[in-house]
Amino acid sequence: MTKQEVIEQLKEMGNPRAIKIWARMDMDTSNYLGVGLTKLKNLGKKIKKNHPLSVELWNSGIRDAMLLSFFLADPKEFTPEIINKYIKRIDFWDMSDNFAAT
């Protein structure tokens, strides 16, 4: 599966109601499609571990794709420099919780 195929699938899975809920909690929703965490985890299981795709999704800047990237990542590939780079882009608790679980 390519980055673009994954993003198209995420767009189809998005929920406008979820965007409104997160916006009420002061999350920047400008790059959020509204895909729930359970759906992201299930999609991650379907795609399976794929570190190169994980990096591409992280770099997309789309919050849902960035969260999905954690489920596809190979933790052995993370260096301290990469971890610090990722941490600088984490701006809400849902990201930090799932990044820590990676």
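Quick summary incoming for the structure in this document. Throughout this document, residue positions are counted from 1 along each chain, in the order its sequence is written. With pLDDT at 70 or above as the cut-off, local features in this predicted model cover only qualifying residues; side-chain atom pairs require 80 or more to be listed or tallied, and sums for whole chains, interfaces and linings still use all residues. Excluded from the side-chain calculation are hydrogens and water; included are all heavy atoms of the structure.

1. Thoughts on the packing of helix α4 (residues 51-59) against helix α5 (residues 63-72)
The convention used is that axes are lines fitted to C-alpha atoms, helices contributing only their stretch in contact, and that angles between N-to-C directions extend from 0 to 180 degrees. Each helix is a run of H or I in the DSSP string that is no shorter than four residues. Each strand is a run of E no shorter than two, and both are numbered from the N terminus. Orientation of α4 relative to α5, taken along the N-to-C sense of each, is 160°, at an axis distance of 8 Å. In terms of orientation, α4 lies roughly antiparallel with respect to α5. Pair α4 / α5 crosses with left-handed handedness. Here α4 contributes His 51, Leu 53, Ser 54, Leu 57 and Trp 58 to the contact with α5, which in turn contributes Ala 65, Met 66, Leu 68, Ser 69, Phe 70 and Leu 72. Orientation labels follow simple angle bins: below 35 degrees gives roughly parallel, above 145 gives roughly antiparallel, 65 to 115 gives roughly perpendicular, and whatever is left gives oblique. For a crossing to be left-handed, the near helix must be turned anticlockwise from the far one by less than a right angle; the clockwise case is right-handed. Whether two residues are in contact is decided by their heavy atoms, any of which lying within 4.5 Å being enough.

2. Looking at the nonpolar core
Side-chain atoms within 4.5 Å link the members of a nonpolar core, which is a set of buried Ala, Val, Leu, Ile, Met, Phe, Trp, Tyr and Cys residues. Burial classification: accessible surface area is computed with a 1.4 Å probe over protein chains only, and a residue below 20% of its type maximum counts as buried, one above 50% as exposed, and the rest as partly exposed. Leu 10, Leu 57 and Leu 68 are the most contacted members of the largest nonpolar core, which has 23 residues in total. Taken together, the elements giving at least two residues each to this core come down to α1 (3-13), α3 (37-47), α4, α5 and α7 (93-101). Ranked by residue count, the leading element in this core is α5, at six residues. With sequence-adjacent residues up to four places away left out, Leu 10 is seen in contact with Leu 33, Val 35, Leu 40, Leu 43, Asp 64, Ala 65 and Leu 68.

3. A look at the side chain of Arg 63
Topologically, Arg 63 is positioned in helix α5. Here Arg 63 is in contact with Met 27, Asp 28, Asn 31, Tyr 32, Asp 91, Phe 92, Asp 94 and Met 95, once residues within four sequence places are set aside.

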